[in-house]
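Single-letter residue listing:
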Amino acid sequence: MTHTEHPSVRTALPVDLDEAAHRCLVAGFEGTTAVPDTLKRLIDRGLGGVILFTRNVRDAEQVRRLTDTLRALRPDLLVAIDNEGGGIGHLVAAGAPEVPGSYALGVVDDPALTARCADALAGHLAALGITASYAPVADVQRKADNPIVRTRAFGEESGLVSRHLSAWIAATEARGIASCAKHFPGHGGTLTDSHHELAVDPRPYEELDLEPFRAAIAAGVPMLMSAHVVFPALDANRPATLSRRILGDLLRHELEFEGVLVSDALEMKAIADLYGEAAGARIALAAGADQVIVAVPDLRVTLECRDAVLVALREGVLAEERVREAAGRVQRLVERYATPAAEVAPWDAEAGLEAARRAVRVPPVGVRGAHVVDLFPAPHPALNWGGEDLLTQVLAVDPTATGTAVAGEPADPEGVAAEILAKAGGAPLVVATCDAGLYPWQGRLRDVLLARRPGAVQVATGLPDGGAVCSYGRGRVNLRAVAEVLVGAR
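Residues numbered from 1 in each chain as written. Predicted model: local features only at pLDDT ≥ 70, side-chain atom pairs only at ≥ 80, totals over all residues. Heavy atoms only, no water.

(A) Local environment of unusual backbone geometry. Following Ala-135, the chain continues to Pro-136 via a peptide bond in cis, the omega torsion being 15 degrees. Along the chain, Pro-136 falls in the loop between strand E4 (132-133) and helix H7 (158-174). Residues other than glycine seldom take positive phi values, yet Asp-109 does so here, at roughly 55 degrees. Among the secondary structure elements, Asp-109 is positioned in the loop between helix H5 (102-108) and helix H6 (111-128). Positive phi is not limited to glycine here, since Glu-256 has a value of about 60 degrees. Structurally, Glu-256 can be placed in the loop between helix H9 (244-254) and strand E9 (260-262). (Helix = DSSP H or I, 4+ residues; strand = E, 2+ residues; numbered from the N terminus.)

See below:
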C-alpha cells in the first residue's frame, strides 16, 4: 500500500506524531543533482535522513551541491553514507582518500595510524557536506568461511578490534561526523551473508563478541547498526534487528547505550524475504530501533515502510511512546551532526598508503616484467567495489609488466589457463587470488597455473589463503603496497 492509496493515514495522526514517525526513516534515492519530488515530500514531513550511494556520486563538486540542496529543504536532515575505507566505499569518483580496509589496519596494530586514516575519511565527508558515516565495522572475523565480514573487520580478536574501534570513533567525532559501529551484536560468527538470506550465530552467550560494542559505547559512538542475524542464545525467534530482547534488554539495559540504533537496510533478503520491508520497519521500531534504513532507490518501498508505521500507530499496534522516544533520540543526533563544519582542516593524504605498506610484511620479491594474473570474485551487489585491480598498480611501478584479470568464475578454466600461459610466454608469473577458500574456482585455476609454472609467485588480496604475499584487502592502496613488494620498489 502507499500513502496515496490511504489518504486517511495522514489525517488520523497528530502532526507532531506524523513527523516523529518520519524521523525514524532513512531513505535511499536515485539521482546526482535533482531531488525527486517524492523525497521532497518525505523531507517536508520530517524524514530523518538520506543515505547516499555510488549512484548519487559523480564528482566532489556535484556531491557538495547535492548535500547543500538536501539540507536547504530541511536543515536538520541527516546526510549519511557507508564509508568504511578499503574496497568498501561509494566516493571514489569524488576523490575519496585512499585508505586500506580495517583488517590491514589491525595487522599493523597502530591505533594512532588508524585514527589518521579515519580522520582522512571523516575530513573528506565534512568537505562534501556528509555528516554521518555508517562505519566502522565492530564485528570480529571469527569464521574462516564467513562470506561478508572478512577484511571489513579489524581482526580476529576482540581486544584488537576494540582498540581500533575506539581510535576510529574518536577521530571521526573530532571532525564533527557521526560514526556508527556495526553490526550489533556481531556478524563475525556467521557463515551466511544476510544480504542474501537470514544468518544465524549459534554460539552461547559467553562466546558472543560484545566487547567491541562495549568499547564503542565507552568511546561515545553516537550510533549503532543492528545485524540481521539470529542469535539463539539471545532470541531464538527473531533476528537482532527485530528482537526486543536484543535491542531492549541487551543493548539499552545491559550495555546502557543511549544513542541512536539504526537498522541495517530492510531490503536485505534476511528481512525482505521473511517479513517484507514494510513489516520489518514496523517490527524493528517496536523492538527498539530508532531509525530504519530503506536503501533501495525506489521510493515506493520507502513509502510502503512509512505507511506501515503510520497505520500501526493509528491502529495502536505500534506504541506512540516508542516512536516519540525514537524520534527524540534522532533529534538529539541531528542537533549534533546535521550541520557540516564551515571550515575543514586538511587531512593526512599519505596515511592510507603508509598503513597499507606496513601491513605487507614480507621482503621485496623483486619480480619485474611479470605477467600478473588477478583472480577475484564479482563485486558484491550491496557493497561498492571501486574497480581496483592488481595489474594497474603493478604497471604504476613496473611499466614492463603484463597481466590478465579474471573477475568471476570462468566457464572454461582449462581454456583460460592455456590463454594466460600463452600470453605470459617466458615472463615470470604472479598469481593473485582473493579469498580462494570461499571461491573454489580460484583455487582450481591457480592450481592449474602452478602445475605448469611451479615457480610462480602467489599473492592473496583478501585474507591469507596460501599466498606468500598478502595485502589483507583490495583497496587501491592495499594493491599498490603489494605491487611495490612484488617488483622490489621498496
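That covers the picture; the talk isn't over yet.
(B) Summary view of the sheet that holds strand E1 (residues 25-27). Pairing is parallel across the open sheet formed by five strands, whose spatial order is E4-E3-E2-E1-E10. Whereas interior strands pair on both sides, the edge strands pair on one side only; in this sheet they are E4 and strand E10 (292-294). Where E1 meets strand E2 (residues 49-52), two bridges bridge the pair, whose relative direction is parallel. Each residue of the ladder has a partner; that of Ala-27, found in E2, is Val-50. (Pairing = 2+ DSSP bridges.)

(C) Summary view of the environment of Glu-325. By secondary structure assignment, the location of Glu-325 is in helix H13 (residues 320-337). Distance from Glu-325 to Ala-270, taken between C-alpha atoms, is 26 Å for residues 55 residues apart in sequence.

(D) The arrangement of the pattern of salt bridges in detail. The final tally for this structure, using the stated rule, is 40 salt bridges. Between Asp-374 and Arg-474 there is a salt bridge, with its nearest N and O atoms 3.0 Å apart. With Asp-374 in strand E11 (residues 371-376) and Arg-474 in the loop between strand E15 (469-470) and helix H18 (476-487), the pair connects residues that are 100 residues apart, well separated along the chain. Here the salt bridges share partners, and the residues they tie into one network are Asp-110, Arg-116, Asp-348, Glu-354 and Arg-358. (Salt bridge = Lys/Arg side-chain N within 4 Å of Asp/Glu carboxyl O.)

(E) Structural view of the pairing of strand E5 (residues 180-184). With five of five residues buried, E5 lies mostly within the body of the structure. Bridge count for E5 against strand E7 (residues 223-226) is four bridges, and the pairing is parallel. Residue pairing across strands places Ala-181 opposite Leu-224, the latter belonging to E7. (Buried < 20%, exposed > 50% of the residue type's maximum accessible area, 1.4 Å probe, protein only.)

Scope: geometric values only; no functional claims are made or implied.
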